[in-house]
Amino acid sequence: MADVVRLIFNNKHGLHMSTTPGAILTTDIAIIGAGPVGLFGVFAAGMLNMKTVVIDSLELAGGQLTALYPEKPVFDIPGHPSIEAQELIVNLQKQAEPFHPVYLLDQQVMTLEKLPDGASHYWKLTTSKNSIVHARAIIIAAGVGAFGPNRPPVEKLDIYEATGNVHYLVKKREAFRGKKLVIAGGGDSAVDWVMSLKEIAARVAIVHRRDGFRAADANVDKMRAWAAAGEIDYVVPYTVKSLHGDGARLSGVEVESKSGNRILEADHFLAFYGLSNKLGPIAEWGLDLDKKHIHVDPATCASNIPGIFAAGDIALYPGKLHLILAGFCEIEMACHAAYKIVHPDVELKFEYSSAKGVPGSPGSPAAD
Ligand SMILES: Cc1cc2nc3c(=O)[nH]c(=O)nc-3n(C[C@H](O)[C@H](O)[C@H](O)COP(=O)(O)OP(=O)(O)OC[C@H]3O[C@@H](n4cnc5c(N)ncnc54)[C@H](O)[C@@H]3O)c2cc1C
């Protein structure tokens, strides 16, 4: 299952994350967006001796590929006749690793301020978790906007979000071992997690508003067979109304339908109602925008604000192609242009990667 693969990768490779609220991180380039383009930006910047901090509103890196189509094969990445979207993200993270990026995940960039003249860095970014990043240049690789889960209109949701009993994705499958789970939603994520968590949970209930799922037929058939055998609770057609508990711990999920209300015993509520995307605060930074896109100079990917660049789906210029490969090229160009800001006194001496090598790679000239 792609979600599990993703989490195993993220745990195994230990994304470097700062979790101290208010901590100030200084870097050369702050990249907004850990989609494929932002991730490749870590490599492109690293090859030019520039450090990066990458910020994303999602808990996982990967942008649209991880959030929307992790298991789909992609056929137009040069050198890969076919590659699963999530595998491409895993590879991009591996490619970025030698340059030790800092990832600030699960936090949206909220404000961008210019630091006073004479400061060693030029920009101050603040995130929704009060992380602060001082950077010499900014690359916005924010795709179609900040992704976040669609929160259902359920009473007392915020109370049990705060107690850690409400989940919009599964960070650690083991955390649900022996627990009573109510899973809501009608798509692949809800059905896949019923399949996976039934193996370890004390009890699983699936709640959906209609008796039809947008998920693989084989999985839906299996889920219904388990329900018929009494192995899971198939709570259909019902919607989730309210969460119950003592305010410190969830004890039940109230569901409603025309036939009346029921309270399902629950330790955790897992809601899979899809993701929304919003440009958010970026729209207020004075950038030259066309709806949700930033106009850039196609030669450098520079925006109208000196020191701020844009690449990937969010960048716009005549002839723009909304393709991953176009984004890779754009962020490479943005890094070359940003080099002059990060290292104003050092001339850029470009070397091919085959000549320069990558830190730590065996046989690489840069191995030491
Ligand atoms: C179903 C589907 C299939 C596709 N198939 C292909 C294909 O076969 N080939 C191809 O080339 N392209 C394909 N695409 C398009 C491709 O996915 C995009 O071109 C690509 O994802 C763009 O990458 P990106 O890094 O620019 O943006 P994204 O992948 O959108 O990533 C941007 C990231 O920035 C984050 N972000 C945005 N704003 C903020 C903020 N303020 N603070 C913090 N984080 C923020 C978002 O949460 C997101 O994770 C497909 C798209 C879809 C939906």
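Residues numbered from 1 in each chain as written. Predicted model: local features only at pLDDT ≥ 70, side-chain atom pairs only at ≥ 80, totals over all residues. Heavy atoms only, no water.

Chemist: Run through the site of the ligand, naming residues and quoting values.
Modeler: Surveying the vicinity of the ligand reveals 31 residues, the closest of which are Asp56, Gln64, Tyr69, Val109 and Asp313. Interatomic distance of 3.1 Å between a backbone N/O atom of Val37 and an oxygen atom of the ligand. Within the side chain of Tyr69, a nitrogen or oxygen atom sits 2.5 Å from an oxygen atom of the ligand. Looking at the shell around the ligand, the elements that each hand over two or more residues are helix H2 (36-47), helix H3 (63-68) and strand E9 (146-149). Of the residues forming the shell around the ligand, the biggest block, four residues, is contributed by H3. Its residues placed into classes, the shell around the ligand shows 17 nonpolar, 11 polar and three charged. (Near = heavy atom within 4 Å. Polar contact = N/O pair within 3.5 Å; in protein donor to acceptor, adjacent residues only side chain to side chain. Helix = DSSP H or I, 4+ residues; strand = E, 2+ residues; numbered from the N terminus. Nonpolar A, V, L, I, M, F, W, Y, C, P; charged D, E, K, R; others polar.)

Chemist: Before we move on, could you go through the pattern of salt bridges and cite the residues and values that matter?
Modeler: Per the counting criterion, the structure on display carries 12 salt bridges. Between Arg177 and Glu174 there is a salt bridge, with its nearest N and O atoms 2.7 Å apart. Here Arg203 makes a salt bridge to Asp233, at a shortest N to O gap of 3.0 Å. Linking Arg203 in strand E12 (residues 203-207) with Asp233 in strand E13 (residues 233-235), this pair joins segments that are 30 residues apart in sequence. (Salt bridge = Lys/Arg side-chain N within 4 Å of Asp/Glu carboxyl O.)

Chemist: With reference to specific residues and values, describe the sheet that holds strand E15 (residues 250-257).
Modeler: If you trace the three strands from one edge of the open sheet to the other, you get E14-E15-E16, paired in antiparallel fashion. On the outer flanks of this sheet lie strand E14 (239-245) and strand E16 (260-265), each paired with one strand and no other. When the angles between neighbouring strand axes are averaged without regard to direction, this sheet yields 25°. One ladder, built from six bridges, connects E15 with E16; its direction is antiparallel. Paired with Glu256 across the two strands is Asn261, which belongs to E16. (Pairing = 2+ DSSP bridges. Axes fitted to C-alpha atoms, helices over the stretch in contact; angles between N-to-C directions.)

Chemist: Break down the sheet that holds strand E20 (residues 293-295) for me, citing the residues and quoting the values.
Modeler: Spatial strand order, E19-E20-E22: three strands in an open sheet with mixed pairing. Two strands bound the open sheet, and with one partner strand each, they are strand E19 (289-290) and strand E22 (315-316). Sheet topology places E20 next to E22; two bridges connect them, and they run parallel. Note that in E22 the partner of Ile294 across the bridge is Ala315.

Chemist: Can you tell me about the packing of aromatic side chains, naming the residues and giving the values?
Modeler: Evaluation of the coordinates by the stated rule reveals five aromatic pairs. Taken together, a centroid distance of 5.1 Å and an interplanar angle of 45° make the contact between Phe40 and Phe328 tilted. Of this pair, Phe40 sits in helix H2 while Phe328 sits in helix H8 (residues 324-342), placing them 288 residues apart in sequence. Look at Phe40 and you get buried, because its relative accessible area is 14%. Judged by relative accessible area, Phe328 falls into the buried class, the value being 14%. Arranged with centres 5.7 Å apart and planes meeting at 80°, the rings of Phe43 and Phe99 form a pair that is edge-to-face. In this pair, Phe43 is assigned in helix H2 and Phe99 in the loop between helix H4 (85-96) and strand E5 (102-104), connecting sequence segments 56 residues apart. A relative accessible area of 12% places Phe43 in the buried class. By relative accessible area, which is 14% here, Phe99 ends up buried. A cation over a ring is seen here: Lys198 above Trp226, with NZ or CZ 4.3 Å from the ring centre. (Phe/Tyr/Trp six-rings, centres within 6.5 Å; stacked < 30°, edge-to-face > 60°. Buried < 20%, exposed > 50% of the residue type's maximum accessible area, 1.4 Å probe, protein only. Lys NZ or Arg CZ within 6 Å of the ring centre and 35° of its normal.)

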